[in-house]
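What follows is each chain in one-letter form.
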Amino acid sequence: MVQLSIKDVEARLGEVKCAICKGNRFGIDSRTVAKGDGDWKAICLDCHYIFPVYTDMEFYLQTQPDIPYILKGIACQSCRHRGVSLDFRAVISVRESVYFVTCGECQVKFPEQSFLESFE
Ligand SMILES: [Zn+2]
Ligand SMILES: [Zn+2]
């Protein structure tokens, strides 16, 4: 499992939009990182909206046995290969949860809307 850096996560969050102001500049609260449990808080730099970012994917995959099958079915946006690995996920609003994944074939990283939560 790759150790995520705050910088990486902040940069990749920039690929999604804030649920409130639709901005795409986010910061990670380093105090939540220091706790070491993998549950981080992201803050919109424009409107200060806060949402959770979960980085302990090993634990998540253990508790959500369907997720590995879903990841196998996600097609890469670049090479169309199916099958990605999950790096972290962000719950941007009650209706919007995003998986940040890496293609197993060409290693392109991209955000994927989580369809689990979107069907609720
Ligand atoms: Zn915002
Ligand atoms: Zn690919």
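Coordinates for the structure precede this section.
Note that this is a predicted model, so its numbers are computed, not measured. (Residues numbered from 1 in each chain as written. Chains lettered and ligands numbered in written order. Predicted model: local features only at pLDDT ≥ 70, side-chain atom pairs only at ≥ 80, totals over all residues. Heavy atoms only, no water.)

### Observations regarding the overall build of the protein chain
Alright, step 1. Scanning the protein chain from N- to C-terminus turns up 5 helices and 6 strands.
Alright, step 2. Listing every helix and strand of the protein chain by position from the N terminus yields α-β-α-β-β-α-α-β-β-β-α.
Alright, step 3. Here the C-alpha radius of gyration of the protein chain, 14 Å, is about what a compact globule of 120 residues would show, namely 14 Å.
Alright, step 4. Taken along its principal axes, the extent of the C-alpha atoms in the protein chain is 35 × 30 × 30 Å.
Alright, step 5. Counting every position in the protein chain, which comprises 120 residues, the buried fraction comes to 39%.
Alright, step 6. For the protein chain, long-range pairs separated by at least 24 residues make up 43% of all intrachain contacts whose partners lie at least 6 apart in sequence.
Alright, step 7. For the protein chain, the exposed surface amounts to about 7100 Å²; the carbon and sulfur share of it is 52%.
Alright, step 8. Charge separation in the protein chain, taken as the distance between the mean sites of 14 positive and 16 negative side-chain charges, equals 4 Å. (Helix = DSSP H or I, 4+ residues; strand = E, 2+ residues; numbered from the N terminus. Rg over C-alpha atoms; globule rule 2.2 N^0.38 Å. Buried < 20%, exposed > 50% of the residue type's maximum accessible area, 1.4 Å probe, protein only. Contact = heavy atoms within 4.5 Å. Areas by Shrake-Rupley, 256 points an atom, 1.4 Å probe, with all protein chains shown as cover. Lys, Arg positive; Asp, Glu negative; His and termini not counted. Charge placed at Lys NZ, Arg CZ, Asp CG, Glu CD.)

### Here's the deal with the coordination of the zinc ion (ligand 1)
Alright, step 1. For the zinc ion (ligand 1), the full set of protein donor atoms is Cys18 (SG), Cys21 (SG), Cys44 (SG) and Cys47 (SG), and the range of their distances to it is 2.3 Å.
Alright, step 2. Around the zinc ion (ligand 1) sit 4 donor atoms, and with donor-metal-donor angles ranging over 104 to 114 degrees the site reads as tetrahedral.
Alright, step 3. We note that the donor set of the zinc ion (ligand 1) lies within a single chain, spaced as C-x2-C-x22-C-x2-C. With cysteine 21 in the loop between α1 (6-13) and β1 (26-28) and cysteine 44 in strand β2 (residues 39-44), the pair connects residues that are 23 residues apart, well separated along the chain.
Alright, step 4. For cysteine 21, a relative accessible area of 33% translates into the label partly exposed. (Donors = N, O, S within 2.8 Å, 3.2 Å for Na, K, Ca; no water. Tetrahedral: all angles 85-135°; square planar, octahedral: opposite > 155°, others 65-115°.)

### Regarding the coordination of the zinc ion (ligand 2)
Alright, step 1. Looking at the metal site, the zinc ion (ligand 2) is ligated by Cys76 (SG), Cys79 (SG), Cys103 (SG) and Cys106 (SG), spaced 2.2 to 2.3 Å from it.
Alright, step 2. With 4 donor atoms in place around the zinc ion (ligand 2) and angles of 103 to 114 degrees between them, the coordination shape is tetrahedral.
Alright, step 3. One chain supplies every donor for the zinc ion (ligand 2), spaced along it as C-x2-C-x23-C-x2-C. Here the residue cysteine 79 occupies a position in the loop between α4 (67-73) and β4 (84-91), and cysteine 103 occupies one in strand β5 (residues 97-103), the gap between them amounting to 24 residues.

Purely spatial values, then, with no claim about function.
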